[in-house]
Amino acid sequence: MGMEGIGARVARKEDKRFITGKGRYTDDMVVPGMKHAHFVRSPHAHAKIKSIDTSAAEKMPGVISILNGAQLTEDGIGNIICGWMIHSKDGSPMNMGAWRPLAQDTVRYVGDAVAIVVADSKAQARDAAEAVVVDYETLPVVTSAVDALKDGAPQLHPEAKNNQIFDWEIGDAAATDAAIASAAHVTEMKIVNNRLVPNPMEPRAALGVYDDSDEHYTLWTTSQNPHVARLVLSAFYNVAPENKLRVIAPDVGGGFGSKIYIYPEEIVCLWASKRTGVPVKWNCDRTEAFLTDAHGRDHESTIKMAFDADNNITGFKVDTIANLGAYMSLFSSSVPTYLYATLLSGQYAIPAIHANVRTVYTNTVPVDAYRGAGRPEACYLLERVLETAARELGVTPAALRRQNFIREFPYQTPVIMCYDAGDFDASLDAAMTAIDYDGFPARRAEAESRGKKRGIGISCYIEACGIAPSAAVGSLGAGVGLWESAEVRVNAVGTIEVLTGSHSHGQGHETTFSQLVAERFGVGMDSVSIVHGDTDKVQMGMGTYGSRSGAVGMSAIVKALDKVETKAKKIAAHLMEADESDIVIENGELKVAGTDKSVPWFQMALAAYTAHNLPEGMEPGLKEGAFYDPSNFTFPAGTYICEVEVDPDTGKTTVVDFVAADDFGKIINPMIVEGQVHGGVAQGIGQALLEGTHYDAETGQLLTASYMDYTMPRADDLPSFKVSTTETVCPSNPLGIKGCGEAGAIGSPPALINAITDAIGNNDLTMPATPERVWAALRSAQ
Amino acid sequence: MANVSMTVNGRSVSGQCEDRMLLVQFIRENLGLTGTHVGCDTSQCGACVVHVDGKAVKSCTMLAAQADGSDVTTIEGLASGGELHPVQAAFREHHGLQCGFCTPGMIMSAVDMISRHGGQLDEKTVRAELEGNICRCTGYHNIVKAVLDAASKMGDGAKVAAE
């Protein structure tokens, strides 16, 4: 390991611009002639649009244009689509209702965009938007997925009878029912996974620029995957041809999944720029973000876990209703299906699993992937039911888990996934040691002497990352392949540019990807540049989500580096009249092994471009590209243990200790990996204790639409975390890495809730465990 | 419309702005200093914190006209002579940032906090006083470490210098 190579705790290259205020986010962009947009949004959750009167608004100061859905339709702009086809268990395709970028005829959630106002300033656009008169005829509203399925519920889309999008299943129903029927013990629970708002600190923004001189479009946008944005904008929405559309996602201020998808505003700003002849910029207010960013989670599940007389798990049955909101977002159908139910085996050998998932339209914001995307929902079910079962069976939660761990790999679960490697005992041991599990009874007694309730909770998670083998996801309904691309360009002076289809929005790719190159060629990280986020520079890519940039994105870079290395060695061998198999690369030099002959890296690079003395028939230059398609998912896993103290007088929970023991396979930069865990755990603790999205059931108004109503975790709400890693190398990619971006958000919510229910002696508690809910649960337990 | 003049990062600036223009808009749009960010519309997130006459202020809570005659420091004015401010350096050293969007406001709040407490800060105080700044990436763990480390390195000397 070099000072800057793989495994080194290197400070980030990208930090300097962020800490000096030189980061360049979409809302920072200014182009000549740029004007500002504000959207007219529906104040109603469900209504017919009878008319839109813009006459007064058009006369307001600074107004350039006001456009609505009818004009969008005139120009042939397509519907927003869901990119993953799921079939119901009867074989029928999912029932997708139309989603217009600007609503026509009907609005289906509060915040549904109806028109765009373009004006000289943002303030003028906002003023004029308020003067647009939309005549609505309100319709009945439904916000709960369970209610929406009932006969007589308000109907959102004619395509979806009873609002049901699909009724899907996975696993073996008969075997699972048989296991439950013959079980020595069955633990049954009803579990709600609360709806969340991702809340990256940078609100979404879009700047659309149409240049009529060459009919070219540019879109600056806050995106996690600009190439997919370009693909969808051109292939499905008919906004611009792919070769005439450049999508740039510059510095992006966090995503957590919510910036994977295409939103109406991006389509409309780009289209509006052509319609109006001026560059159009929109940036989102925070309340607008609450109303329009795709939300996460929102499941209601009934579960049964069966055990034999020796406490071995024999079956697991899950019935889930998932709320997908008013429209189907880009990946919304994959989240409660293949990203969720395929993880229901967890870390455990379970012979029979069956899950049934119904997805439902409601008058709420569309729901899509949020940090973990399906895996947190699966982990929460499993880790809550195991903790509950341990209490019912009178064994310790650690022992029940350990008894049922999978220990032989590869392990084929009954729900598609084949785990390639893992050591679940190692992370459980590490976490129990780190939190001093054996010392807990003494700490509980001490807390009781102060009148406090102490509890401890375990969660053993597994997730599937590195999304995913293209052929596999294609066979399951995905609309795109999920490989990644890379290009490595060695310049004539030996500096190196790496172009990647991944996108960094906080994950530190400029640093870790540079470490990879520094390790390989022995050059300094400063001579490596990472280029990403611009479709004019990087040909194609699939972006960053599902912890895929390491396992898939870096593997593509490794493939390109292999090709560069091969050619570099050929050139060096030629220059030194040696055999290429004898060339080794060390410390920035290409050496003939066992001799003192060497050529500096930069000299080899220069030779590649002067082309005065290259091997016979070799093309000049040193630039190689590669596509990497993973052969399997990767399977990060670990154990989180949380210790809490509850104040019985107020119901307030304090997290007194939190340990995370993760297995991410090989680690490139431990500092960055720890940071990812900290952030994920904070979001998981947020879900468990603080964050909840509440709609008024009658009106469909979002009651938690600002930071004054939606409780974001603040520094004072969280402890310092104790994180550590164990390592089983991932066998399915060349680096042996698994991914670390989502683990914290997946593993922590059940650890928290298990700890609180342990403290208060009442298992009936839903997230977020607010002081009010905990206080009430304590009272009902007494 | 109002005419405003102020000193921003040591430079005298003036301009005409609508009465309703916020200080953060003046800084970002009129002066082109985009390091100061807008992360919410309720003065909760702290991405827009700058110093006005030496005190940390949410620049989305103050009208540009109210800052007339003031001495304003933004994140762009914190480093001097090409040297990072010790708080900036500590954020980098301790990985106290990820996406970087909340970072300018976070650093400006931290500088103010250290100038008030000097080297006497403890974790509890740092966490309590970061109440007005939201970070969604770091879980605050490394931010707290960075602030404590910067405070201990700057010590009481920093307190005097800031005053």
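Procedures and definitions
- Residues numbered from 1 in each chain as written.
- Chains lettered and ligands numbered in written order.
- Predicted model: local features only at pLDDT ≥ 70, side-chain atom pairs only at ≥ 80, totals over all residues.
- Heavy atoms only, no water.
- Helix = DSSP H or I, 4+ residues; strand = E, 2+ residues; numbered from the N terminus.
- Rg over C-alpha atoms; globule rule 2.2 N^0.38 Å.
- Buried < 20%, exposed > 50% of the residue type's maximum accessible area, 1.4 Å probe, protein only.
- Contact = heavy atoms within 4.5 Å.
- Areas by Shrake-Rupley, 256 points an atom, 1.4 Å probe, with all protein chains shown as cover.
- Lys, Arg positive; Asp, Glu negative; His and termini not counted.
- Charge placed at Lys NZ, Arg CZ, Asp CG, Glu CD.
- Salt bridge = Lys/Arg side-chain N within 4 Å of Asp/Glu carboxyl O.
- UniProt positions renumbered as here; feature names shortened; annotations may be inferred.
- Buried area = accessible area lost by both parts, 1.4 Å probe.
- Polar contact = N/O pair within 3.5 Å; in protein donor to acceptor, adjacent residues only side chain to side chain.
- Nonpolar A, V, L, I, M, F, W, Y, C, P; charged D, E, K, R; others polar.
- Domains from an automatic or database assignment.
- Axes fitted to C-alpha atoms, helices over the stretch in contact; angles between N-to-C directions.
- Parallel < 35°, antiparallel > 145°, perpendicular 65-115°, else oblique.
- Left-handed = near helix turned anticlockwise from the far one by under 90°.
- Core = buried A, V, L, I, M, F, W, Y, C linked by side-chain atoms within 4.5 Å.
- Pairing = 2+ DSSP bridges.

Let us look at the overall build of chain A. The secondary structure content of chain A amounts to 20 helices and 28 strands. A globule of 782 residues ought to have a C-alpha radius of gyration of about 28 Å, and chain A, at 27 Å, matches this closely. With the C-alpha coordinates aligned to their principal axes, the bounding extent of chain A is approximately 85 × 70 × 55 Å. Each of the 782 residues in chain A was classed as buried or not, and the buried ones make up 65%. Of the contacts made within chain A by residues no fewer than 6 positions apart, 80% connect residues no fewer than 24 positions apart. Within the structure as shown, chain A displays about 25,600 Å² of accessible surface, and the carbon and sulfur contribution to it stands at 50%. The positive charge centre, built from 66 side chains, and the negative charge centre, built from 97, are 2 Å apart in chain A.

On to the side chain of T512 of chain A. Mapped onto the elements, T512 of chain A comes out in helix α15 (residues 509–521). Those residues within four positions of T512 of chain A in sequence are excluded, and the remaining contacts are M554, I668, N669 and I672 of chain A.

On inspection of all chains with the given rule, the structure shows 59 salt bridges over all chains. The salt bridge partner of E265 of chain A is R41 of chain A, with a shortest N-O separation of 2.8 Å. With E265 of chain A in helix α8 (residues 264–276) and R41 of chain A in strand β1 (residues 35–41), this pair connects stretches of sequence that are 224 residues apart. Of the two residues examined, E265 of chain A and R41 of chain A, each falls in the buried class. With a shortest N-O distance of 2.8 Å, R20 of chain B and D127 of chain A are connected by a salt bridge. Taken together, the positions of R20 of chain B in the loop between β2 (11–17) and α1 (23–30) and D127 of chain A in helix α4 (residues 122–131) put the pair across two chains. Using a relative accessible area of 26% as the deciding quantity, one classes D127 of chain A as partly exposed. Put simply, D436, R443, E446, R450, R454, E643 and E645 of chain A are held in one network by salt bridges that share partners.

UniProt tags residues 20–140 of chain A as "domain: Aldehyde oxidase/xanthine dehydrogenase a/b hammerhead" (unreviewed entry). Across residues 20–140 of chain A, helical content stands at 17% and strand content at 29%; the span's end C-alpha atoms are separated by 51 Å.

Before going further, it helps to examine the interface of chain A and chain B. One widely used convention gives an interface's size as the accessible area the parts lose upon coming together. The interface of chain A with chain B comprises 53 residues on the first partner and 46 residues on the second. Sorting the residues of chain A by area buried against chain B places I19, M201 and R714 of chain A first, and these three jointly supply 19% of that buried surface. Connecting chain A to chain B are four salt bridges. The shortest N-O distance in the salt bridge between R28 of chain B and D28 of chain A comes to 2.7 Å. At the junction of chain A with chain B, the criterion picks out 29 residue pairs in polar contact (both at pLDDT 80 or more). Sorting the residues of the side of chain A that touches chain B by element identifies α1 (15–19), α4, α9 (286–292) and α18 (670–690) of chain A as the ones contributing at least two each. Here the side of chain A that touches chain B is built from residues that sort into 24 nonpolar, 16 polar and 13 charged.

Another point: the domain arrangement of chain A. All names here are of chain A. Partitioning chain A into structural domains gives domain 1 (15–20 + 483–628), domain 2 (31–139 + 201–254 + 259–292) and domain 3 (376–464 + 633–781). Spacing between the C-alpha centres of domain 2 and domain 3 amounts to 38 Å. Facing eight residues of domain 2, the contacting portion of domain 3 comprises ten residues. The contact between domain 2 and domain 3 buries some 710 Å² in all, and 64% of this surface belongs to carbon and sulfur atoms. Counting across the interface, domain 2 meets domain 3 through zero salt bridges. Along the contact surface separating domain 2 from domain 3 lie three residue pairs in polar contact (both at pLDDT 80 or more). Grouping the amino acids of the side of domain 2 that touches domain 3 by side-chain chemistry returns six nonpolar, one polar and one charged.

Turning our attention to the packing of α18 of chain A against helix α19 (residues 743–760) of chain A. Residues and elements named next belong to chain A. Interhelical geometry of α18 versus α19 gives an angle of 45° and a closest axis separation of 7 Å. Our classification of the angle between α18 and α19 gives oblique. The element α18 and its partner α19 pack so that their crossing is right-handed. Residues V677, G680, V681, G684, I685, Q687, A688 and L689 of α18 form the contact with α19, whose own contacting residues are G744, A745, S748, P749, L752, I753 and I756.

As a further point, take the domain arrangement of chain B. All names here are of chain B. Split by domain assignment, chain B resolves into domain 1 (2–75) and domain 2 (86–162). One C-alpha centre belongs to domain 1, the other to domain 2, and the line joining them spans 21 Å. Between domain 1 and domain 2, the residue contacts involve 17 residues of the former and 14 residues of the latter. Overall, the association of domain 1 and domain 2 removes approximately 1,100 Å² of surface from exposure, summing both partners, and the carbon and sulfur fraction of that is 62%. Ranking the residues of domain 1 by area buried against domain 2 places H37, H51 and I75 at the top, with a combined share of 41%. Linking domain 1 with domain 2 are zero salt bridges, by the criterion used here. At the junction of domain 1 with domain 2, the criterion picks out seven residue pairs in polar contact (both at pLDDT 80 or more). Looking at the side of domain 1 that touches domain 2, the elements with two or more residues in it are β3 (49–52) and β4 (55–58). Among the elements that line the side of domain 1 that touches domain 2, the one with the most residues is β4, at three residues. In terms of residue class, the side of domain 1 that touches domain 2 is made up of six nonpolar, nine polar and two charged.

To continue, consider the packing of α15 of chain A against helix α16 (residues 548–576) of chain A. Residues and elements named next belong to chain A. Put simply, α15 and α16 touch, their axes get as near as 11 Å, and they point 30° apart. The way α15 lies across α16 gives a crossing that is right-handed. For the pair α15 and α16, the contacting residues are H509, T512, F513, L516, V517, R520 and F521 in the first and S549, M554, I557, V558, L561, D562, V564 and E565 in the second. Class assignment of the residues belonging to the contact of α15 with α16 gives a composition of nine nonpolar, three polar and three charged.

A separate point is the nonpolar core. Here is a general trend for soluble globular proteins: nonpolar side chains tend to be buried in one another's company. Counting 221 residues, the largest nonpolar core has I116, L233, Y237, F316, F658 and I756 of chain A together with F91 of chain B as the members making the most contacts within it. Residue contacts for Y237 of chain A: discarding those within four places in its chain leaves G76, I77, G78, N79, I80, I81, V232, I262, I267 and L330 of chain A. With 44 residues, the next largest nonpolar core counts V490, I496, M554 and M618 of chain A among its residues.

The next thing to look at is the pairing of strand β26 (residues 637–646) of chain A. All names here are of chain A. When you tally the buried positions in β26, you get ten out of ten residues, the bulk of the element. On β26, burial covers both faces: A637, T639, I641, E643 and E645 on one face and G638, Y640, C642, V644 and V646 on the other are all buried. Looking at chain direction, β26 and strand β27 (residues 653–663) are connected through ten bridges and run antiparallel. Its bridge partner lying in β27, E643 is registered against D657. With antiparallel pairing between neighbouring strands as the criterion, β26 and β27 make up a hairpin whose turn holds six residues, including G651 at a positive phi of roughly 80°.

Right, let's get into the sheet that holds β4 of chain B. Residues and elements named next belong to chain B. Here five strands make up an open sheet; going across it, the order is β2-β1-β5-β3-β4 and the pairing mixed. Looking along the sheet, the strands with just one partner apiece sit at the ends: β2 and β4. Going from strand to strand, the sheet's axes swing by 40° on average, the running direction of each strand aside. In the sheet, strand β1 (residues 2–8) pairs with strand β5 (residues 71–73) via two bridges, with the strands oriented parallel.

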